[in-house]
Amino acid sequence: MDFDTPQAEAWIRAIAAAVEKDQSRLTELDSAIGDGDHGSNLNRGFAAVLTTLDGLRPDSPGAVLTKTGTTLISKVGGASGPLYGKAFRAIGAALPGPADPAALAEALSAGLDAIRLLGKADPGDKTIVDAWTPAVAAFRATAATGAPLPEAATAAAEAAEQGARATTPLQARKGRASYLGERSIGHQDPGATSTALIFRTLATTLTP
Ligand code: ADP
Ligand code: MG
């Protein structure tokens, strides 16, 4: 089955629930190497997204995701708002209609491109890019075997979680955590952790 409008909406609602549930964990991670607002930033942003979705009658997956991105950009002040906002807008722009696994892989890849264009982070800089990059690669590789959506999304979630864990020994080279220099080593990146949540919720949403 293709990725359709109700699934797009269910994904975003699941992200909002996961962010609310894990808000304090994200904030704790951001307290260690940032300013302790990552959980509250995302929770505020996705709460606003839920309100926007309540009044929307979306006619495509892209309409849901574009609106999500625009809302995040306008409601989240921290670095993560514009980065995730641009990502969801790029994913939305790539999904004018229902998408098969290969098309969703390309849309997620467009999301990563948007993050990198805005944030200029490379893999290894200890940012959301370190979870998003392996997630897109795993999604694409799994889709290329002809696997259905739940399988591709589960592979992406596992890769994102592994990518997030792998940020722990890295020294941050972008964002607020980079001000800490070597003291950023030994802590998992909050943004990579929320990216793992975003991909895990995609997998759970798509798994029947
Ligand atoms: P702020 O750093 O403004 O307080 P948040 O706390 O909401 O914003 O988000 C912090 C996260 O944003 C970091 O953990 C990191 O993953 C991500 N981030 C910061 N700068 C960049 C960047 N240039 N590119 C990609 N991700 C970034
Ligand atoms: Mg912060």
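Enquirer: How would you sum up the side chain of Thr 201? Please name residues and give values.
Expert: Among the secondary structure elements, Thr 201 is positioned in helix H9 (residues 190-206). Of note is the side chain of Thr 201, whose polar atom sits 3.4 Å from the side chain of Trp 11. Of the polar contacts made by the side chain of Thr 201, one reaches the backbone oxygen of Ile 198; its length is 2.8 Å. Once residues within four sequence positions are removed from consideration, Thr 201 is found in contact with Trp 11, Ala 14, Ile 15 and Ala 18.

Enquirer: Help me get a handle on the coordination of the magnesium ion (ligand 2), residues and values and all.
Expert: Coordination of the magnesium ion (ligand 2) by the protein comes from Asp 30 (OD), Asp 35 (OD) and Asp 37 (OD), over a distance range of 2.0 to 2.2 Å. Within one chain, the residues donating to the magnesium ion (ligand 2) are spaced in sequence as D-x4-D-x1-D.

Enquirer: Give a description of the pattern of salt bridges that names residues and reports values.
Expert: Counted by the stated rule, this structure contains 9 salt bridges. Here Glu 9 makes a salt bridge to Arg 13, at a shortest N to O gap of 3.1 Å. Taken as a pair, Glu 9 and Arg 13 lie in helix H1 (residues 5-21) at a separation of 4 residues, close to a single helical turn. Residue classification places Glu 9 among the buried residues on the basis of a relative accessible area of 19%. Across the pair Asp 54 and Arg 13 runs a salt bridge whose closest N-O atoms are separated by 3.0 Å. You can see Asp 54 sitting in helix H3 (residues 38-54) and its partner Arg 13 sitting in helix H1, a full 41 residues away along the chain. Accessibility expressed as a relative area gives 51% for Asp 54, which makes it exposed. We classify Arg 13 as partly exposed; its relative accessible area is 31%. Several salt bridges converge on common partners, so that one network encompasses Glu 9, Arg 13 and Asp 54.

Enquirer: Which residues make up the site of ligand 1, and what are the values?
Expert: Asn 41, Ala 79, Ser 80, Gly 119 and Asp 189 are the nearest of the 20 residues found near ligand 1. Separating an oxygen atom of ligand 1 from a side-chain N or O atom of Asp 30 is a distance of 3.0 Å. Within the backbone of Ala 79, one N or O atom sits 2.8 Å away from an oxygen atom of ligand 1. Compared with its free state, where it exposes 570 Å², ligand 1 has 92% of that area covered by protein. Here ligand 1 is seated within the largest pocket. Elements with a minimum of two residues in the shell around ligand 1: H3, helix H5 (80-93) and H9.

The rules behind the values
- Residues numbered from 1 in each chain as written.
- Chains lettered and ligands numbered in written order.
- Predicted model: local features only at pLDDT ≥ 70, side-chain atom pairs only at ≥ 80, totals over all residues.
- Heavy atoms only, no water.
- Helix = DSSP H or I, 4+ residues; strand = E, 2+ residues; numbered from the N terminus.
- Polar contact = N/O pair within 3.5 Å; in protein donor to acceptor, adjacent residues only side chain to side chain.
- Contact = heavy atoms within 4.5 Å.
- Donors = N, O, S within 2.8 Å, 3.2 Å for Na, K, Ca; no water.
- Salt bridge = Lys/Arg side-chain N within 4 Å of Asp/Glu carboxyl O.
- Buried < 20%, exposed > 50% of the residue type's maximum accessible area, 1.4 Å probe, protein only.
- Near = heavy atom within 4 Å.
- Areas by Shrake-Rupley, 256 points an atom, 1.4 Å probe, with all protein chains shown as cover.
- 1 Å grid on protein atoms, 1.4 Å probe; cavity = no way out; pocket = protein on both sides within 12 Å on 5 of 7 lines; lining within 4 Å.
- Sits in = over half its atoms within 2 Å of the grid points.

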